[in-house]
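Residue-level listing of the chains:
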Amino acid sequence: MTRRRVGGIAWIVAALAAIAFAVVPILWMILTSLKSNREITQETSLVPQALTTANYVSLFSGREFASYLTNSVIVTAASVAIALILGTQAAYVLARFRLKAGMHRYVGFSLLMVRLLPPIVIIIPLFLVAQQLGLLNTQLSLIIVYAAFNVTIVVWMMESFFREIPVDLEEAAMVDGDTRFAAFRRIVLPLAAPGLVATGIFAVITTYNEFLFALVLTSTPAAETMPVGAATLIGRINVDWGAMSAAGVIGALPIVIFSLFVQKHLVRGLTMGAVK
Amino acid sequence: MATAMTPGTAGAPVVSGVPRTPGRTLRGSGLDRVLPYLMLAPTLFLVLGVIVYPLIDGLRSSTGFYRFGREIRSVGLDNYRTAFGDPAFLDALFTTARFMLLAVTIETVLGLGLALLVARERRLIRRIRATLILPMIVTPVVVGIVFRLIYASDVGLLASLAHAIGLDPPQILSNGTGAFLGLVFLDIWEWTPLLFLILLAGIQSMPVEPFEAARVDGASGWRTFVDHTLPLLRPTILVAVTLRSIDALTTFDQVYVLTRGGPGTSTQLISIYGYQTFFQFQQVGYAAAMLFMVALVVLVAAGFAVGLMRRRPT
């Protein structure tokens, strides 16, 4: 055999191993969720002998998972929307203006530092404040907190995207009679759309997946999100493996589907714009 | 609305004196003078109110002694001193450090290997890449569930595999070393894709000349890797490793679902210990003091990482 062919075979083996490494654990959860509990505990079979949807039905029969899902969608959508609307404006200002006290130099940096702080450090004081304001266990508290965390990352990512857009285009629009704000909206924002999409994707994935804040700030299905719902369920049932695996599948499904839809822009989003 | 940018309102085009380079800053006049501050204010208020104010509040509470969640008296810096005499705190720090070092090292090596494996641009290879990043998208809590279903001593994937080839099922989550290594393996599975993505981008943006020259000189694949790939990739590796380390330092969700810190304290990372100190033991001041010390370490590392990201030509 030639060296080249050996290399080719080695490549295929390595690639298959990598794919198996990534996929098999998830596949196992899906397979388990489709087995009956009797089959899971007694037969230790690798592949389900008789498929059942009983585990999924049980999740939704108590209706709680429907409200977890609703809460997650509302909280994620609202907080990301707020963060994008406020954050792009701030990012534009930081990218284009010279501000008093050198703010354009350090505000973006400071916001990112806040973002990189361990959430566990902030959650304790945040819990105490939410308690004083009577905001515990509401969607609103999560929306506000997530919006604040998302806006830091929106500013950081969008500032660099705005810097890549030549100033001349806005100037031309303003010479033609646009106000600065109109030029920002009509000219700059559309040009920054790919960056906006990448930023939005990152924010949606991290917000949907967020666990600690939701765990601490919510306590009933009225406000609990999907990750909290899944975690508390498995805390209660412990050995009901069928329900646990179904909860895992349902918990991750919305965000995996979302990722499939935005596949093209995913890489830029997932790496926080560190990758251009 | 009149705009200061049109020639005539301010006598001359305001921006005419500024060199025409992208990314330069502007100065307006009239309403445009306050507009930037108006556009910036909502973001600043949101972050100051929701993150910075609670932080300062937390810093204040870290100097208090609490009982049943109420501050009894101020104790100055005692909480900070207590931490260094608290074996559980030091143990959690040590566990976290071991976890971070082991997981991030292996993730970097694997991530680099994967990146080199699929660096070429082909349609099939792009498909493979999309599959490989799946673990980092899956909700962390669900990742915890996935690995409970793998490690479970009676019904888990490993137990079933062992059963199929006639071996005794491995006991992973019931002993300290097993649970710790199980957690490290979980982290490797979940986060190797991130290292892979960042390093892949680094590889693809490397100049081609040194590699062509190496080929002309007849250098071996390994020599080319050591002499050219690694040195060129070093800044990217540094950024990726720092970002991942910051995140690994505060790992919480997966441990919460997989082991809750046990058995014993074998997987009790600092975030889990801090969480329990606050919510189970109600030691508000002590928990805050402990976590602020961790935050200090993170801030230094984060400043370092952000500095690197800024300097990197993109």
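All residue numbers here refer to positions counted from 1 along the written sequence of the relevant chain. Each chain gets a letter, beginning with A, and each ligand a number, beginning with 1, in the order they are written. Only residues with pLDDT of 70 or above have their local features reported here, since the model is predicted, and side-chain atom pairs are shown and tallied only from 80 upward, although totals for entire chains, interfaces and linings are computed over all residues.

**Q** Explain the overall build of chain A to me, and be specific about the residues and the numbers.
**A** Helix and strand labels come from DSSP, where a helix needs a run of H or I of at least four residues and a strand needs a run of E of at least two; each type is numbered from the N terminus. Secondary structure assignment for chain A yields 14 helices and 0 strands. Its helices and strands in sequence order give chain A the pattern α-α-α-α-α-α-α-α-α-α-α-α-α-α, from N to C terminus. Radius of gyration (C-alpha) of chain A: 23 Å, far over the 19 Å computed for a compact globule of 276 residues. In terms of overall dimensions, chain A has a C-alpha envelope of 75 × 70 × 35 Å along the principal axes. It is over C-alpha atoms that the radius of gyration is taken, and the globule rule equals 2.2 Å times the number of residues to the power 0.38.

**Q** Explain the overall build of chain B to me, using residue names and the numbers behind them.
**A** What chain B contains, in helices and strands, is 13 helices and 2 strands. A buried classification covers 42% of the 314 residues belonging to chain B. Our contact criterion uses C-beta atoms placed from the backbone: two residues qualify when those atoms are within 7 Å. Restricting the contact set of chain B to residue pairs at least 6 apart, pairs at least 24 apart contribute 67%. Any residue whose C-beta has 12 or fewer other C-beta atoms within 10 Å is treated as exposed, any with 20 or more as buried, and any in between as partly exposed, C-beta atoms being built from the backbone.

**Q** Could you give an account of the environment of Leu186 of chain B, with specific residues and numbers?
**A** Residues and elements named next belong to chain B. Structurally, the position occupied by Leu186 is in helix 8 (residues 176-204). When the 27 C-beta atoms within 10 Å are taken as the criterion, Leu186 is described as buried. In this structure the C-alpha to C-alpha distance between Leu186 and Leu117, which are 69 residues apart in sequence, comes to 22 Å. Once residues lying within four places of it in the same chain are set aside, the contact partners of Leu186 are Val143, Phe147, Gln254 and Leu258.

**Q** Any details on the packing of helix 10 (residues 193-209) of chain A against helix 13 (residues 241-261) of chain A? Residues and values, ideally.
**A** Packed helix pairs are specified by the crossing angle of their axes together with the interaxial distance, meaning the distance between the axes. Residue and element names in this part refer to chain A. Fitted lines through C-alpha atoms give the axes, limited to the stretch in contact for helices. The angle between two N-to-C directions lies from 0 to 180 degrees. The interhelical angle for the contact between helix 10 and helix 13, taken along N-to-C directions, is 170 degrees, at an axis separation of 10 Å. The orientation of helix 10 relative to helix 13 falls into the category roughly antiparallel. Side by side, helix 10 and helix 13 meet where Val204, Ile205, Tyr208 and Asn209 of the first sit next to Pro254, Ile255 and Phe258 of the second. Roughly parallel here means an angle under 35 degrees, roughly antiparallel means over 145, roughly perpendicular means 65 to 115, and every remaining angle is called oblique.

**Q** Give me the environment of Val47 of chain A: which residues, what numbers.
**A** Residue and element names in this part refer to chain A. Structurally, the position occupied by Val47 is in the loop between helix 2 (37-42) and helix 3 (54-61). By the C-beta count within 10 Å, which is 7 here, Val47 ends up exposed. Separated by 13 residues in the primary sequence, Val47 and Leu34 place their C-alpha atoms 9.5 Å from one another.

**Q** Any details on the packing of helix 7 (residues 139-163) of chain A against helix 10 of chain A? Residues and values, ideally.
**A** Residue and element names in this part refer to chain A. Packing of helix 7 against helix 10 leaves a shortest axis separation of 10 Å and a crossing angle of 155 degrees. Looking at the two axes, helix 7 sits roughly antiparallel to helix 10. Seen from above, helix 7 lies across helix 10 with right-handed handedness. On the side of helix 7, the interface is formed by Tyr146, Asn150, Ile153, Val154, Met157, Met158 and Phe161, while helix 10 contributes Gly195, Thr199, Phe202, Ala203 and Thr207. Looking at the contact of helix 7 with helix 10 residue by residue, the classes come out as 8 nonpolar, 4 polar and no charged. Should the near helix be turned counterclockwise from the far one by less than a right angle, the crossing is left-handed, whereas a clockwise turn marks it as right-handed. Ten residues, namely Ala, Val, Leu, Ile, Met, Phe, Trp, Tyr, Cys and Pro, are considered nonpolar, four, namely Asp, Glu, Lys and Arg, are considered charged, and the remaining ones, Gly among them, are considered polar.

**Q** Account for helix 9 (residues 209-216) of chain B, with residues named and values stated.
**A** Burial within helix 9 of chain B is sparse, with just 0 of its 8 residues counted as buried. One or two positions beyond helix 9 of chain B, positive phi appears at Gly218 of chain B, with a value near 75 degrees.

**Q** Report on the interface of chain A and chain B, specifying residues and quantitative values.
**A** Opposite the 87 residues of chain A that make contact, chain B presents 86 residues. In terms of residue count, helix 1 (residues 3-33) of chain A provides more of the side of chain A that touches chain B than any other element does, 11 residues in total. Broken down by class, the residue content of the side of chain A that touches chain B amounts to 63 nonpolar, 16 polar and 8 charged.

**Q** Can you explain the nonpolar core? Please cite residues and give values.
**A** Judged by nonpolar contacts, the single largest core of 171 residues is most densely connected at Ala247 of chain A together with Ile145 of chain B. A per-element tally of this core places helix 7 of chain A first, with 16 residues. An automatic or database domain assignment supplies the residue ranges for each domain. Here this core gathers at least three residues from each of two domains, domain 1 (3-33) and domain 2 (59-270) of chain A. Buried Ala, Val, Leu, Ile, Met, Phe, Trp, Tyr and Cys residues form a nonpolar core when they are connected through C-beta atoms within 7 Å.

**Q** Tell me about the domain arrangement of chain A, and please be specific about residues and values.
**A** All names here are of chain A. For chain A, the domain assignment lists domain 1 (3-33) and domain 2 (59-270). Taking the mean C-alpha position of each, domain 1 and domain 2 sit 33 Å from one another. With 4 residues of domain 1 at the interface, the matching set in domain 2 holds 6 residues. Tallied by class, residues from the side of domain 1 that touches domain 2 come to 2 nonpolar, 2 polar and no charged.

**Q** I'd like a rundown of the environment of Arg260 of chain B, residues and numbers included.
**A** In this structure, Arg260 of chain B sits in the loop between helix 11 (253-258) and helix 12 (270-279). In this structure, the C-alpha to C-alpha distance between Arg260 of chain B and Tyr273 of chain B, residues 13 residues apart in sequence, is 9.7 Å.

**Q** How would you explain unusual backbone geometry if you had to name every residue and give the values?
**A** Look at Asn137 of chain A: it is not a glycine, yet its phi comes out positive at around 60 degrees. Here Asn137 of chain A shows up in the loop between helix 6 (119-132) and helix 7. In this structure, Arg260 of chain B is a non-glycine residue whose phi angle is positive, near 55 degrees. When the 13 C-beta atoms within 10 Å are taken as the criterion, Arg260 of chain B is described as partly exposed.

**Q** Explain the confidence of the model for chain B to me, using residue names and the numbers behind them.
**A** Residue and element names in this part refer to chain B. Predictor confidence is given residue by residue as pLDDT, running from a minimum of 0 to a maximum of 100. Within chain B, residue pLDDT values average 82, and 87% of them lie at 70 or more. Note on residues 1-25: pLDDT under 50 across the span, and 44 contacts to partners over four residues away in sequence or across chains. For this predicted complex, the interface confidence comes out at an ipTM of 0.90, alongside a pTM of 0.87.

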